[in-house]
Amino acid sequence: MSLARPIVLGNWKMNGLAGDSAARTEALKELAGASLTGTLGIFPPATLLDRARGWVEGSPILLGAQDCHAKPSGAFTGDLAAPMLREIGATAVIVGHSERRQYHAEGDATVRAKAEAALEAGLLAVICIGETEAEYLAGETLDRLATQLEGSLPDASDAARVVVAYEPVWAIGTGRTPTSEEIARAHGFIRDKLKARFADGGAFGILYGGSVKAENAEEILAVDDVDGALVGGASLDAEGFWAIYKAGIAPGA
Ligand code: 13P
């Protein structure tokens with residue numbers, strides 16, 4: 001079964017010490033209440049996962065990690081394995097974020113191996129893809145997405161266990177976003193590729209990420225084949241993040 005829409009996930013990146021994070025999570029928990037029609041998740045730094053498991057207890061908020069290693073254990077100083085994250089309370093993990101691809105030189109094969117490790121550990125894999133600004137300007141966006149999809153998604157992917165996040169690198173943290181037409185084109189392309197490769201490709205969640213905030217969420221989340229958002233900076237404010245989630249709820253739902 002695929003995840004309930006909208007799927008709105010907050011990637012806190014390397015932000016948050018226990019005090020402010022507890023308050024932020026508590027505020028979000030109050031807003032979310034006891035149940036949700038969609039999917040709302042937070043991805044705090046790994047250091048907070050153990051505590052965050054307690055913070056979200058009794059709420060529908062999903063808890064995820066920001067990265068995992070491809071191996072279940074071994075001599076990899078400083079890295080964290082998917083089963084460790086699962087044990088500490090994460091039910092999802094982001095892999096292939098552009099900041100990992102850029103600053104840690106992760107290529108598609110590495111991202112795919114990490115996603116496979118996530119699935120093996122029983123974690124939902126949120127697999128990120130997206131073109132750089134140079135690729136965007138050269139009109140190579142769809143080529144780039146095709147390559148990344150092909151290389152980064154495990155063959156065992158299905159709609160219940162994998163979510164694809166389209167994050168144009170040039171839109172992350174910049175306040176710039178593609179037009180609705182550009183987002184529709186990219187998401188439609190990703191949908192077609194998923195359908196061509198996976199039996200349930202039509203049901204995969206496809207998230208848009210890159211400078212999503214309360215002010216532009218309604219427009220972005222209304223675009224065809226946008227099933228939700230992966231939110232960075234704006235997820236650090238509980239009310240703003242909640243407003244993004246609410247903006248994705250179809251009228252009458
Ligand atoms: P911003 O929302 O801060 O642009 O970050 C997006 C992102 O990278 C989420 O993973």
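Being a predicted model, the structure only gives us computed values, none of them experimental.

(A) Looking closely at the overall build of the chain. When helices and strands are counted, the chain shows 10 helices and 8 strands. On C-alpha atoms alone, the chain measures out to a radius of gyration of 17 Å, which is about the 18 Å that the 2.2 N^0.38 rule sets for 253 residues. Reported as C-alpha extents along the three principal axes, the dimensions of the chain are approximately 50 × 45 × 35 Å. Residues classed as buried in the chain amount to 50% of the 253 residues present. For the chain, the exposed surface amounts to about 11000 Å²; the carbon and sulfur share of it is 53%.

(B) Local environment of the site of the ligand. Around the ligand sit 13 residues, and of these Lys-13, His-97, Gly-173, Ser-211 and Gly-233 come closest. A distance of 3.0 Å separates an oxygen atom of the ligand from a polar atom in the side chain of Asn-11. Here the residues of the shell around the ligand sort into 4 nonpolar, 7 polar and 2 charged.

(C) The layout of surface pockets, seen in detail. Quantified by volume, the largest pocket comes out at close to 510 Å³. Here the element with the most residues in the lining of the largest pocket is helix 4 (residues 98-103); it accounts for 3 residues. The class makeup of the residues in the lining of the largest pocket is 9 nonpolar, 6 polar and 5 charged.

(D) The nonpolar core, seen in detail. Counting 62 residues, the largest nonpolar core has Leu-40, Ile-190 and Leu-194 as its most contacted members. Other than its neighbours up to four places away in sequence, Leu-194 contacts Leu-149, Leu-153, Val-164, Gly-201, Phe-204 and Ile-206. One finds Phe-43, Leu-62, Ala-165 and Leu-207 within the second-largest nonpolar core, a separate group that totals 13 residues.

(E) How the structure looks around the side chain of Arg-24. Tracing the backbone shows Arg-24 in helix 1 (residues 18-32). There is a polar contact of 2.9 Å between the side chain of Arg-24 and the backbone oxygen of Leu-236. Not counting residues within four places of it along the chain, the set of residues in contact with Arg-24 comprises Trp-12, Ser-235, Leu-236 and Ala-238.

(F) The packing of aromatic side chains, seen in detail. A complete count under the given rule lists 4 aromatic pairs for this structure. On the basis of an interplanar angle of 65 degrees and a centroid distance of 6.2 Å, the ring pair of Tyr-166 and Tyr-208 is categorised as edge-to-face. In this pair, Tyr-166 sits in strand 6 (residues 162-166) while Tyr-208 sits in strand 7 (residues 205-209), placing the two residues 42 residues apart along the sequence. The two residues Tyr-166 and Tyr-208 agree in class, both being buried.

Cut-offs and rules
Residues numbered from 1 in each chain as written. Predicted model: local features only at pLDDT ≥ 70, side-chain atom pairs only at ≥ 80, totals over all residues. Heavy atoms only, no water. Helix = DSSP H or I, 4+ residues; strand = E, 2+ residues; numbered from the N terminus. Rg over C-alpha atoms; globule rule 2.2 N^0.38 Å. Buried < 20%, exposed > 50% of the residue type's maximum accessible area, 1.4 Å probe, protein only. Areas by Shrake-Rupley, 256 points an atom, 1.4 Å probe, with all protein chains shown as cover. Near = heavy atom within 4 Å. Polar contact = N/O pair within 3.5 Å; in protein donor to acceptor, adjacent residues only side chain to side chain. Nonpolar A, V, L, I, M, F, W, Y, C, P; charged D, E, K, R; others polar. 1 Å grid on protein atoms, 1.4 Å probe; cavity = no way out; pocket = protein on both sides within 12 Å on 5 of 7 lines; lining within 4 Å. Points joined across faces, edges and corners; volume = space filled by probe spheres on them. Core = buried A, V, L, I, M, F, W, Y, C linked by side-chain atoms within 4.5 Å. Contact = heavy atoms within 4.5 Å. Phe/Tyr/Trp six-rings, centres within 6.5 Å; stacked < 30°, edge-to-face > 60°.

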